[in-house]
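Descriptive structure summary
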Amino acid sequence: MGIFSCFRNTTSEEQRDLTANNFQYNEEFKYCNNEIKTSHYTWYNFIFLNLFEQFHRVVNIYFIFLLALQFIPEISSLNPITTLLPIIIVLAITAIKDAVDDVYRHKSDQALNTRKVDLLRNERLDKEEWKNLKVGEIIKIHNNEHIPADLLLLSSSEDQNLVFIETAELDGETNLKVRQAIPETGDLAEKLDRIWKFDGAVKCEAPNNNLHKFTGNLYWKDDVYALDNEKILLRGCTLRNTTWCYGLIIFAGADTKLMQNSGKRKMKRTNIERFMNKLVWWIFLLLFVLSMIAAILNSVWEADLGYKFQVYLPWDSSVPNPSMSGFLMFWSNLILLNTLVPISLYVSMEFIRLGQSFFINWDRLLYYEKKNLPAEARTTTLNEELGQVEYIFSDKTGTLTQNVMKFNKCSIAGKRYGDLHDKDGKRIADGEIDKAVPVDLSYNQYAESTFKFYDPHLIKKICDENNKTFDGEKSCEYFFRLITLCHTAMIEESNDGIFKYRAQSPDEDALVSAARNFGFVLKSRTFDTITVIEMGNSIIYKVLAVLEFNNVRKRMSVIVKDESDKIFLFCKGADSVVLERLGTNSNSLIKSKTEKHLHSFSSSGLRTLCLAMKELKKEEFQTWYAAYQQANTALEDREDRLSAVYEEIERDMILLGATAIEDKLQDGVPETIANLSKANMKIWVLTGDKQETAVNIGYSCHMLTDDMKKVFVIKGYSSEKVENEIEKATKEILSSGTKSHNNPSFETDNSQETIGEVTENNESMQAAKYGLVINGHSLVYALDEELNTKFLELASACSAVICCRVTPLQKAKVVELVKKHKKAITLAIGDGANDVSMIKAAHIGVGISGEEGTQAVLASDFAFGQFRFLERLLLVHGRWSYIRICKFLNYFFYKNFAFTLVHFWFGFFNGFTAQSIYDDWFITLYNTVYTATPVLILAILEQDVDESSCIQFPRLYLPGQRNEYFNMKLFGQSILRGILTSLTVFFFTYGAFLMNVNFNGQDNSNQQTVALAIGTTMLIVVTLQVAVDTTYWTGLNHFFVWGSILIYFPFTFALSSDGVFNLFPSSFPYIGVSRTAYQFPTLWFTLLLIIATCILPVVGIRYARILLWPTDIDKVLQKAVVSNAVNENKNNVAQEAKENGTLVQPYKNSVLL
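This one's a predicted model, so the numbers in the text were calculated from it and none came from an experiment.

Considerations on the overall build of the protein chain
A tally of helices and strands in the protein chain yields 40 helices and 35 strands. A total of 1153 residues make up the protein chain; the buried ones form 54% of that total. Sequence separation of at least 24 residues holds for 72% of the intrachain contacts in the protein chain that already meet a minimum separation of 6.

A closer look at the packing of aromatic side chains
In total, this model carries 65 aromatic pairs according to the counting rule given. Residues phenylalanine 899 and tyrosine 926 carry aromatic rings whose centres are separated by 4.0 Å and whose planes lie at 10° to one another, so their mutual orientation is stacked. In this pair, phenylalanine 899 is assigned in helix α28 (residues 869-906) and tyrosine 926 in helix α29 (residues 920-930), connecting sequence segments 27 residues apart. On the basis of relative accessibility, which here comes to 1%, the residue phenylalanine 899 falls in the buried class. Among the residues examined, tyrosine 926 registers a relative accessible area of 0% and is labelled buried. Between the aromatic rings of phenylalanine 909 and phenylalanine 986, the centroid separation amounts to 5.8 Å while the plane-to-plane angle is 45°, which identifies the pairing as tilted. On the criterion of sequence distance, the pair formed by phenylalanine 909 in the loop between α28 and α29 and phenylalanine 986 in helix α33 (residues 968-994) is long-range, its members being 77 residues apart. Three or more aromatic residues joined by ring pairs form one cluster here, namely Phe899, Tyr918, Phe922, Tyr926, Tyr930, Tyr1048, Phe1049, Phe1051, Phe1053, Tyr1078 and Trp1084. Above the face of the tyrosine 478 ring, arginine 481 is positioned so that its terminal group lies 5.0 Å from the ring centre.

Some points on the confidence of the model for the protein chain
The predicted model of the protein chain averages 83 in pLDDT, with 87% of residues at 70 or higher. Per-residue pLDDT stays below 50 along residues 465-472; that stretch engages in 16 contacts with residues further than four places along the chain or on separate chains.

Things to note about the packing of α28 against α33
Contact pair α28 / α33: the axes reach a minimum separation of 7 Å and the direction vectors enclose 40°. One element, α28, and the other, α33, form an angle in the oblique class. Helix-helix and strand crossings are classified by hand; for α28 and α33 the assignment is right-handed. Of the residues in α33, those in contact with Asn890, Phe893, Tyr894, Phe897, Ala898, Leu901, Val902, Trp905 and Phe906 of α28 are Leu970, Phe971, Ser974, Ile975, Arg977, Gly978, Ile979, Thr981, Ser982, Leu983, Phe986 and Phe987. Tallied by class, the residues present in the contact of α28 with α33 amount to 15 nonpolar, five polar and one charged.

Considering the pairing of strand β27 (residues 682-686)
Among the five residues of β27, five are classified as buried, and the element is accordingly described as predominantly covered. Here β27 shows a buried face lined by Lys682, Trp684 and Leu686 and a second buried face lined by Ile683 and Val685. In the sheet, strand β15 (residues 389-394) pairs with β27 via four bridges, with the strands oriented parallel. In the strand pairing of β27, serine 394 is matched with valine 685. Where β27 meets strand β32 (residues 800-804), four bridges bridge the pair, whose relative direction is parallel. By the bridge assignment, leucine 686 is partnered in β32 with cysteine 803.

Let's talk about the side chain of serine 881
Position of serine 881 among the secondary structure elements: in helix α28. The class of serine 881 is buried, set by a relative accessible area of 2%. Dropping the residues within four chain positions of it, serine 881 is found in contact with Gln356, Asn383 and Glu384.

Regarding the sheet that holds strand β1 (residues 15-19)
Taken in spatial order, the four strands of this open sheet run β1-β8-β9-β10, and their pairing is antiparallel. Every other strand in the sheet has two partners, leaving β1 and β10 (223-227) as the edge strands with one partner each. Strand-to-strand twist across the sheet, computed as the mean angle between neighbouring axes with direction ignored, equals 15°. Both strand β8 (residues 201-205) and strand β9 (residues 216-220) contribute to a ladder of four bridges, which runs antiparallel. Bridged to lysine 203 within β9 is asparagine 217.

Quick word on α28
Spanning 38 residues, α28 covers 55 Å between terminal C-alpha atoms, matching the ideal 56 Å at 1.5 Å per step. Its maximal kink placed at glycine 878, α28 deviates by approximately 30°. Buried residues dominate α28, accounting for 37 of its 38 residues.

With respect to the sheet that holds strand β13 (residues 244-251)
Spatial strand order, β3-β2-β4-β13-β5-β11: six strands in an open sheet with antiparallel pairing. Here the strands that pair on one side only, and so sit at the sheet edges, are β3 (124-129) and β11 (232-233). Sheet topology places strand β4 (residues 138-142) next to β13; five bridges connect them, and they run antiparallel. Residue isoleucine 141 lies in a different strand from β13, and its bridge partner there is cysteine 245.

Here we look at the environment of glutamine 666
Relative to the helices and strands, glutamine 666 is located in the loop between β26 (654-662) and α19 (669-678). Between the C-alpha atom of glutamine 666 and that of threonine 397, which follows or precedes it by 269 residues, the distance is 10.0 Å. When sequence neighbours within four positions are dropped, the list of residues in contact with glutamine 666 reads Gly398, Thr399, Leu400, Thr401, Gln402, Gln866 and Phe867. In terms of polar contacts, glutamine 666 uses its side chain to reach the backbone carbonyl oxygen of threonine 399, at 3.0 Å.

Looking at unusual backbone geometry
Here the phi dihedral of lysine 221 falls at roughly 55°; this positive angle occurs in a residue that is not glycine. Positionally, lysine 221 belongs in the loop between β9 and β10. The exposure class of lysine 221 is exposed, given its relative accessible area of 60%. In this structure, aspartate 652 takes a positive phi of about 55° despite not being glycine. Tracing the sequence through the fold places aspartate 652 in the loop between α18 (638-649) and β26. Take aspartate 652: its relative accessible area is 47%, and that puts it in the partly exposed class.

Section: the pairing of β15
With six of six residues buried, β15 lies mostly within the body of the structure. When β15 meets strand β33 (residues 825-830), the two strands line up parallel, connected through five bridges. Note on β33: the bridge partner recorded for isoleucine 392 is leucine 827.

A look at the state of the cysteines
According to the stated counting rule, one finds zero disulfides in the structure shown. As a non-bridged cysteine, cysteine 803 has cysteine 804 as the owner of its nearest cysteine sulfur, 7.3 Å distant. Under the relative-accessibility criterion, cysteine 803 is labelled buried at 0%.

Concerning helix α35 (residues 1035-1055)
When the terminal C-alpha atoms of α35 are compared, their 29 Å separation across 21 residues agrees well with the 30 Å that a helix rising 1.5 Å per residue should span. The sharpest bend along α35 comes to roughly 35°, located at glycine 1043. Within α35, the full set of buried residues consists of Asn1037, Val1041, Ser1044, Ile1045, Tyr1048, Phe1049, Thr1052 and Leu1055. Buried residues along α35 sit against α29, α30 (932-941), α34 (1007-1029), α36 (1058-1063), α37 (1073-1077) and α38 (1081-1108).

Cut-offs used in this document
- Residues numbered from 1 in each chain as written.
- Predicted model: local features only at pLDDT ≥ 70, side-chain atom pairs only at ≥ 80, totals over all residues.
- Heavy atoms only, no water.
- Helix = DSSP H or I, 4+ residues; strand = E, 2+ residues; numbered from the N terminus.
- Buried < 20%, exposed > 50% of the residue type's maximum accessible area, 1.4 Å probe, protein only.
- Contact = heavy atoms within 4.5 Å.
- Phe/Tyr/Trp six-rings, centres within 6.5 Å; stacked < 30°, edge-to-face > 60°.
- Lys NZ or Arg CZ within 6 Å of the ring centre and 35° of its normal.
- pLDDT = per-residue confidence, 0-100.
- Axes fitted to C-alpha atoms, helices over the stretch in contact; angles between N-to-C directions.
- Parallel < 35°, antiparallel > 145°, perpendicular 65-115°, else oblique.
- Left-handed = near helix turned anticlockwise from the far one by under 90°.
- Nonpolar A, V, L, I, M, F, W, Y, C, P; charged D, E, K, R; others polar.
- Pairing = 2+ DSSP bridges.
- Expected span 1.5 Å × (residues − 1).
- Bend = angle between axes of the 7 residues up to and from the residue.
- Polar contact = N/O pair within 3.5 Å; in protein donor to acceptor, adjacent residues only side chain to side chain.
- Disulfide = S-S within 2.5 Å.

This is how it looks when you write it as structure tokens:
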């Protein structure tokens, strides 16, 4: 059954319908079983499926087509082995790589599918493998066991049928979450006979990938029970702090939400790869043109000369006339010149990228020791694009900041608390924390020693039992009561009575912990009660409803009933949504002061929340609760209906105050941003924080600076106002007439710096800079089709852009806007689930393993622990990867054109009859053995400058942004060099052997000797070209460069030996040619002459360019050489002085120079 489970009913499922323990009924729907399959191949389809996928590449199809042509004797002058063997090698290497990857997936699938769980059958529990579980069955889960399928929770061992689960595998969050069974099913407890007889029917949503939403109903005993996410246990979760629980399987296998979220990743391809694909088509066209020229010239030759020599060279029966000969020669030349299109190009690039990825993973300077997190290249296809990034889109919280929150300040009833005070009680500046004295929290036995607060006025206010501020109520009491009740944090208590909180966000944890230290302690909670110790008094609140937070609502509310049966609604959220929901009778003075405090807190870079409440009348609540229940049991549009019901109750509230939480910058963020900006990268911060907070962080991390001419703020609430603000800002920038802040340049000023010193261009550094800040409500209009180009024009003219109050969808839209209209590589970096859409939208996605889980990491292409590592990833690994792949491609096309076009020149001497100048085995081994490894090692290890110079001189990164190292111009130059090399190698060798005789007067100008001389010369010349292109030599470079030349000779002697000829006379016709040809001085003299002719001009031109038109890299290398010389001179002088016993006076480098 498992093998054929993939052939299930593929009809689109609109609603899931099942009945517990009714297997015959459930089988009618052909729901898939619980076996999962992430592997791609099986043992019986691997060869066929893998080959089918590989032949999706045009290059592979092309070579198979050529291979077929080579089996036609009338048009093929090459042994089919010359194409067959390279194709087999390339396809085999790719297949082996795919097979190894799939074996790991098979092992992972097997490990999961064979796990065992207790399955209820005939009133008893039996161990069953996960893969055999089916929809409608009931299973038992034990503590610390993984959930094998998506389950409806029926009962549990805990009070009120609660269970605690960890969802790290789903969303990366390690905090515990609570789920509760319906009380009616909870009564089933652990009674197997009753559970076996349970026949509840479930009608719910079809399988989908929404982890945070579930809509359905349970029909049992003539009653209907609403099902939501709080009653569902998802596959991938782990049961914690719960002895056991029973669950009904709703979704199994591929239908589970975990597997629904494991869809295929969108394939990202680099600019270089897309450009290379275009070049391959151009090469196809060139090959077609050359073959056509050869065919025409062959027809002319046959008509003029071949016709007259039929006595000596009779035409084949298949060639009745010159036109047919030309037609056949077209296909023959297509075969002969096929190596213009590099068959091993793509597989070579995969190996290079794999090697570069290993270097990223192994880089100790990208290792975050605090969390034991190494860097991870999660894809191997985008390495070189890291060296071309021009736009960086960054989240703020957890990406630029630490996302480790600390309760810093608050505003209660219009009074501000949290400022620093010294030992005399006097207020001091925020920066003088070393002079501040922490308050005494000894009145609270639950206070933590690690918690520090420095404002004694708040402690005095809390402890004043007679304190009353507004409406006759105690403001501080309600303020901290709200913080203690309005959250989803869980309590973990150890055996020795020590407890800690597990909150869903660092903000929530900071607030609940702060309330605990001030005397309002969250002690325990059940599904519908929260126990709080308020200044020593234990109070139990009954939770009547939880109005959950989401990115649209931007707030959370809880409705509770206290021990005196009073009902309260407590709400906390963004000031923009809470303040507009205050009642008309709200104290305007308190509101005004709170808004002032909010602005002050935000300007200091603190994260703020507003707190509000209202008391509900019993009748009012009951009416609302009936509407809430109706919306909560709706099968369609449940979320929209609930949002509408929430709106009805969250109004006419009373403002309690505001909180301010500190989230410090990560280490090295300002320096990283400054250096990346010097590398011409435009950094945009996309954050959900309010404007003042984002702007303050912008200044803290040096995105916004005081030397900026102006920071524009777009904050219009209508399309017209936003358009006017954008146009006004754009005109101001254009009218200033300043040069672009991105003007990159290097200057060498000998009068002020030592020789070779690389400095920034003063003029570019003095160019006026602008900043841009735009609010989320304005961004809605700025992203409209009518305004987005104007907005992008303005944003592109600014050196820093900050978008505040943005939603995850807006983040992705901003990235898409830049991708669509700018020919630039984009990178998005974030750490939370709200950054996933932005990370997926960008060319390159980077995830930070932070405090908000690992969803960003799971969606990313590269991952590490801190924002500062982005500098090294881009400026070092990215730049090197780009340079390496460009050198590889330029050289690869050069050597293939040099090798192949020799055939074309030989055509002028054989009537363009498509005869090969080389031995068939030389053609076969040229790309796969002789010239493969030197350029691969170059492309994996090459460093034009060392890593410290890459970071010290960030403008060295600019050539990658401009595509300066691999473009149509350089491609043309590579082709031209290949043409010139082929001309030199062929005609010099041909001329040297044309009338050549040996010492005995015997003729040396036979075809096999010339072929061997041309092949040997070609191999050595192109290999020496690799040596010339290499700037960073290692032992591996020496081994493979010189080794590839040395190994050629044993191969050549072996392939022309008597032994292989005797075994396969038709396949190895060059018998004895090596022993004979290598004895001729002419061959070695010709070799030296051609090397000098091909290599020396390249070296000379490069030297002249460095001398007369040095690039930025040349200047850095010059500086390094001079610096090394100076240091060596210093060491020598110091050593001499030490030996002579004299004292050496210090001197400056410029004196020596």
